[in-house]
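Survey of secondary and tertiary structure
Spelled out, the chains give:
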Amino acid sequence: GEMRVIAISNSFQLELSQTATIIAACIILPLLAHFIPSNAAHAAERLLLMFYAAFIGVVFCRLNVVLIAAAIAPFFNSLITGHPEAGRVLFLTSELLIFSFFSYLVFRKWKKIWLCAPLCFMLSRFMVLTVYNLPLGPDFRFFLKEIYLKSILLSVPGILVLLLLNIYFSTQAAYGRD
């Protein structure tokens, strides 16, 4: 009776604090990007800062925690910082949700796969861009070359950081420190 309620309450409090921490990191990391001197407007987009927080959440938290944070963080970030712009909040939210879901499934099953985060980011970007660009019609080569590839190339610095994070956490898992 009472012991079960306390256990559920403690579990809920832990998940709530983890969700709040991921959301805070998703807001603070992009804020720090504005201190980068060169072209700060695109620094957060190039560095994929929210995805670092989401991936760290994937490593340490339950799926529901990461998905709730991914669903809420872009909205709060836009509200507090003005970025992403209102028209991009749904795009970023969709990307974070897809990234979080697939990287959680892959990393939790195969922790030693160090390409999980970069590949899941590229998958999420592909899926969201595909939906957003459906009105382009059947010109798939144009989509791949002019939209998807350019978007991925712009994000290479962030993809590399995701790779480094992934290698670090995969190495920890390989040595039984997860």
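Below: a short report on this structure. (Residues numbered from 1 in each chain as written. Predicted model: local features only at pLDDT ≥ 70, side-chain atom pairs only at ≥ 80, totals over all residues. Heavy atoms only, no water.)

Thoughts on unusual backbone geometry
Of note, the bond from His 83 into Pro 84 is cis; its omega dihedral lies within 30 degrees of zero at 0°. Within the secondary structure, Pro 84 is located in the loop between α4 (63-81) and α5 (89-109). The residue Leu 48 is not glycine, and still its phi comes out positive at about 55°. Its location among the elements puts Leu 48 in the loop between α2 (40-47) and α3 (49-60). Classification of Leu 48 by relative accessible area gives buried; the value is 4%. (Helix = DSSP H or I, 4+ residues; strand = E, 2+ residues; numbered from the N terminus. Buried < 20%, exposed > 50% of the residue type's maximum accessible area, 1.4 Å probe, protein only.)

Details of the packing of aromatic side chains
Tallying each qualifying case throughout the model produces 11 aromatic pairs. With a centroid separation of 5.1 Å and 85° between ring planes, the pair formed by Phe 51 and Phe 121 is classed as edge-to-face. Of this pair, Phe 51 sits in helix α3 while Phe 121 sits in helix α6 (residues 116-132); the two residues are 70 residues apart in sequence, bridging distant segments of the chain. Taken as a pair, Phe 51 and Phe 121 share a single burial class, namely buried. Here the aromatic cluster, defined as three or more aromatic residues joined through ring pairs, consists of Phe 51, Phe 55, Phe 60, Phe 99, Phe 107, Phe 121, Tyr 168 and Phe 169. Over the face of the ring belonging to Phe 91 we find Arg 88, whose NZ or CZ atom lies 4.6 Å from the ring centre. (Phe/Tyr/Trp six-rings, centres within 6.5 Å; stacked < 30°, edge-to-face > 60°. Lys NZ or Arg CZ within 6 Å of the ring centre and 35° of its normal.)

Thoughts on the side chain of Ser 155
Considering the arrangement of structural elements, one finds Ser 155 in the loop between α7 (140-154) and α8 (156-174). At 3.0 Å, the side chain of Ser 155 forms a polar contact with the backbone oxygen of Ser 151. In this structure Ser 155 touches Glu 45, Arg 46, Leu 48, Phe 121 and Arg 125, once residues within four positions along its chain are discounted. (Polar contact = N/O pair within 3.5 Å; in protein donor to acceptor, adjacent residues only side chain to side chain. Contact = heavy atoms within 4.5 Å.)

Remember, this is a structural readout, not a statement about activity or role.
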